[in-house]
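Now for the letters of each chain:
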Amino acid sequence: MRGSASHIHTFPYSMGRSRYQFLENQPHFLTCTVVNWIAVFSKPDLAQIILNSLDFLQNHQRLALHGYVIMENHLHLIASAENLSREIAAFKSFTARSVIDWLKENQTEYLLKQLKFHKKLHKTTQEYQLWQEGSHPQAIFSQQMFSQKLEYMHNNPLRRGYVDDPAHWRYSSYRNYMGMKAVLAVDLIDV
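Rules of the game
- Residues numbered from 1 in each chain as written.
- Predicted model: local features only at pLDDT ≥ 70, side-chain atom pairs only at ≥ 80, totals over all residues.
- Heavy atoms only, no water.
- Core = buried A, V, L, I, M, F, W, Y, C linked by side-chain atoms within 4.5 Å.
- Buried < 20%, exposed > 50% of the residue type's maximum accessible area, 1.4 Å probe, protein only.
- Helix = DSSP H or I, 4+ residues; strand = E, 2+ residues; numbered from the N terminus.
- Contact = heavy atoms within 4.5 Å.
- Phe/Tyr/Trp six-rings, centres within 6.5 Å; stacked < 30°, edge-to-face > 60°.
- Lys NZ or Arg CZ within 6 Å of the ring centre and 35° of its normal.

So, on to the nonpolar core. Membership of the largest hydrophobic core comes to 51 residues, with the highest contact counts inside it found for Val34, Phe41, Leu65, Leu115 and Trp131. Ranked by the residues each element gives to this core, the list is headed by helix α2 (residues 84-105), at eight residues. Residues contacting leucine 65, with those up to four places away along its chain left out, are Leu54, Gln58, Leu77, Ile78, Ala79, Leu184, Ala185, Val186 and Asp187.

Another point: the packing of aromatic side chains. Each pair of aromatic rings is reported with the distance of its centres and the angle of its planes. Under the defined criterion, the tally for this structure stands at five aromatic pairs. Ring centres of phenylalanine 29 and tyrosine 152 lie 6.1 Å apart, and the angle between their planes is 75°; on these two criteria the pair is classed as edge-to-face. Highlighted residues: phenylalanine 29 in strand β1 (residues 28-33) and tyrosine 152 in helix α4 (residues 143-154), separated in sequence by 123 residues. Overall, the relative accessible area of 37% leaves tyrosine 152 in the partly exposed class. Three or more aromatic residues joined by ring pairs form one cluster here, namely Phe41, Phe91 and Trp131. Over the ring of phenylalanine 29 we find lysine 149; its NZ or CZ atom is 4.8 Å from the centre of that ring.

Everything listed here is a matter of coordinates, which is why it stays silent on function.
So, in structure tokens, the structure goes:
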């Protein structure tokens, strides 16, 4: 998927029971949200867990990351993989465990209490829940859709009033697409 957008496949597909489905090897726009929109990633160490995990998945060729933004309580990705559903599940499981371990080690009781309080009742085998269920995958079938999702992601910190320029938000692939130094490598698609 490196390089030009001509690698984006277009083909019809039918929807099953769920409105959200993963299509093999197709780039998808994904959203991962912290339970009750708790501002976990306002702590740089916890945002770094996300960056390290995405870097690991890329370095081991388990996922191609084409764009991202990490906000204080959610993240958006444009990614593709042979089995993206499995890789996103593994990513969420690993990052949840890592974040909770960090919170325990650093005695961040307020956030732990929030993650415990907002845990879904059917999650009986765990004490805490970091992520809301699902990632709402939207397959990307055109250059226009890719550009729209990428712009939406990159302007998220701007719309929230956190920065005046998307290049000032360090947890975003905007810098990658502008040819600037970035905190995480991405597989660029021509826009």
